[in-house]
Amino acid sequence: MAGEQIPSLSPRWWETSLKAELARTPGAAGGRFRLVRSEGRRAIAEVDHLRAPLARAAWNSSVAGEDRVTFVTRRTWGTLVGAKRWLRERP
């Protein structure tokens, strides 16, 4: 699963924010979650395949903070090959 947003943020910020959004969404919390990689405004996260739709719903939302950030999930891949290719592409 992958998504992008406007500011360039640290991997720690990505992981903390994405986990928090999952925790707020009923049924999406728990299971496997791993931030695979982030580059600038894009990130790839790994989740259990049965929770992928719930994770997408959780992440297509806004996160409050200093600046309001909107997550937009772009794709879901079965493997990381396509996701890593997407990460290297420039928008």
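This is a predicted model, so every value here is computed, not measured. Residue numbers run consecutively from 1 along every chain, following the written order of its sequence. Only residues with pLDDT of at least 70 are given local features in this predicted model, and only at 80 or more are side-chain atom pairs given and counted; all residues enter the totals for whole chains, interfaces and linings. With hydrogens and water excluded, all non-hydrogen atoms of the structure serve as input to the side-chain values.

## Things to note about the packing of helix α1 (residues 11–24) against helix α2 (residues 52–59)
- Viewed as axis vectors pointing N to C, α1 and α2 meet at an angle of 110°, and their least axial separation amounts to 9 Å. By the angle class used here, α1 and α2 are roughly perpendicular. Taking contact as the criterion, the partners of L18, E21 and L22 in α1 are, on α2, A55, A58 and W59.
- A per-class count over the contact of α1 with α2 returns 5 nonpolar, no polar and 1 charged. Lines fitted to C-alpha atoms define the axes here, with helix axes fitted over just the stretch in contact, and angles between the N-to-C directions of these axes take values from 0 to 180 degrees. Here a strand is any run of E in DSSP of at least two residues, a helix any run of H or I of at least four, and the numbering for each starts at the N terminus. Angle categories are assigned with fixed cut-offs, so that under 35 degrees is roughly parallel, over 145 is roughly antiparallel, 65 to 115 is roughly perpendicular, and the rest are oblique. Contacts between residues were defined by any pair of non-hydrogen atoms, one from each residue, lying within 4.5 Å. Gly counts as polar in this scheme, as do all residues outside two lists: the nonpolar Ala, Val, Leu, Ile, Met, Phe, Trp, Tyr, Cys and Pro, and the charged Asp, Glu, Lys and Arg.

## Some thoughts on the packing of aromatic side chains
- Pairing of aromatic rings covers Phe, Tyr and Trp, the last through its six-membered ring, and needs centres within 6.5 Å; plane angles under 30 degrees mean stacked, over 60 mean edge-to-face, and all others mean tilted. Per the stated rule, a full pass over the model turns up 3 aromatic pairs.
- Seen from their ring centres, W13 and W14 are 5.9 Å apart, and the 80° between their planes marks the pair as edge-to-face.
- Burial classes follow relative accessibility: with a 1.4 Å probe on protein chains only, a residue under 20% of its type's maximum area counts as buried, one over 50% as exposed, and anything between as partly exposed. On the accessibility criterion, W14 (2% relative accessible area) is buried.
- Each ring, one from W77 and one from W86, has its centre 6.0 Å from the other, and the planes form 45°; the classification is tilted. With respect to burial, W77 and W86 carry one shared label: buried.
- Definition used: whenever NZ (Lys) or CZ (Arg) falls within 6 Å of the ring centre and also within 35 degrees of the ring normal, the charge is taken to sit over that ring. Over the face of the ring belonging to W86 we find R42, whose NZ or CZ atom lies 4.3 Å from the ring centre.

Interpretation in functional terms is not warranted from these geometric data alone.
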